[in-house]
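# Reading the structure
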Amino acid sequence: MRQWLVQDVMTRDVLVVTPGTSYREIVDSLVRGRVSAAPVVDEERRVIGVVSEADVLHKVEFIGEKHQRRTFERPSRRSAREKAHAAVAADLMSAPAITVRPDMPVVAAARRIETAHVKRLPVVDADGRLVGIVSRRDLLCMHLRPDSEIREDIVEDVLRRALWIDPVCVEV
């Protein structure tokens, strides 16, 4: 059967921010774009991080608390506290970004999303430049094809190529 690649399901029109984008601009962009995260790119569109709703929500979580280092604080909690007092994407983002290539199989991308505990992956070319983004929802799209397309894949790839069976002999 046809092997689905990231480039088959990724979103190509991606909201991006730069390292100097302010907290407020990030929030406005995420809300206006109806997305939950944006890759942070440099001048050459190389992905250097990702800023997500979770990253910017730390500001809400720590409203009113003083920024002070705590001796026995978990590293993740310390990072959250630091992000709560950040003003620009460079300080808010999660870095380095976990990325995939457009020619990666969808199955491998799904595994990477699961093992990295992220909701989306920037898609980059060989030079690390952003070409798209793939989310968990995008990876499910391969299952939304019409039955006729699925039937054609089975007839061509399984019956004819793998099993060498005349499709007339089998009802699909």
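A quick note: this is a predicted structure, and the numbers were derived from the prediction, not measured.

## Considering helix α8 (residues 147-162)
Where α8 is concerned, the buried positions are D153, V155, D157 and L159. Of the residues flanking the end of α8, it is W164, one or two places downstream, whose phi is positive at about 55°.

## A word on the nonpolar core
V6, V9, V100, V123, V134 and L139 are the most contacted members of the largest nonpolar core, which has 13 residues in total. Contributing elements (two or more residues each) for this core: α1 (6-9), α6 (106-116) and β3 (120-124). Broken down by element, this core gets its largest block of residues, three residues, from α6. Dropping the residues within four chain positions of it, V9 is found in contact with W4, V106, V134, D138, L139 and C141. Ranked by size, the runner-up nonpolar core spans eleven residues in total, among them I26, L30, V51 and A86.

## Focus: a nonpolar patch on the surface
Among the surface-exposed residues, L163, I165, V170 and V172 lie close enough to one another that they form a single nonpolar patch of about 280 Å² accessible area. For V172, a relative accessible area of 38% puts it in the partly exposed group.

## Thoughts on the packing of helix α2 (residues 23-33) against helix α3 (residues 53-61)
Where α2 contacts α3, the axes come no closer than 11 Å and their chain directions differ by 125°. Our classification of the angle between α2 and α3 gives oblique. When the axes of α2 and α3 are compared, the crossing they make is left-handed. Between α2 and α3, the residues in contact are Y23, I26, V27 and L30 and E53, V56 and K59, respectively. Here the contact of α2 with α3 is built from residues that sort into five nonpolar, no polar and two charged.

Calculation notes
Residues numbered from 1 in each chain as written. Predicted model: local features only at pLDDT ≥ 70, side-chain atom pairs only at ≥ 80, totals over all residues. Heavy atoms only, no water. Buried < 20%, exposed > 50% of the residue type's maximum accessible area, 1.4 Å probe, protein only. Helix = DSSP H or I, 4+ residues; strand = E, 2+ residues; numbered from the N terminus. Core = buried A, V, L, I, M, F, W, Y, C linked by side-chain atoms within 4.5 Å. Contact = heavy atoms within 4.5 Å. Patch = residues over 30% accessible without salt bridge, like charges linked within 9 Å, V, L, I, M, F, W, Y side chains within 5 Å. Areas by Shrake-Rupley, 256 points an atom, 1.4 Å probe, with all protein chains shown as cover. Salt bridge = Lys/Arg side-chain N within 4 Å of Asp/Glu carboxyl O. Axes fitted to C-alpha atoms, helices over the stretch in contact; angles between N-to-C directions. Parallel < 35°, antiparallel > 145°, perpendicular 65-115°, else oblique. Left-handed = near helix turned anticlockwise from the far one by under 90°. Nonpolar A, V, L, I, M, F, W, Y, C, P; charged D, E, K, R; others polar.

Take it as geometry only, folks, not as evidence of what the structure does.
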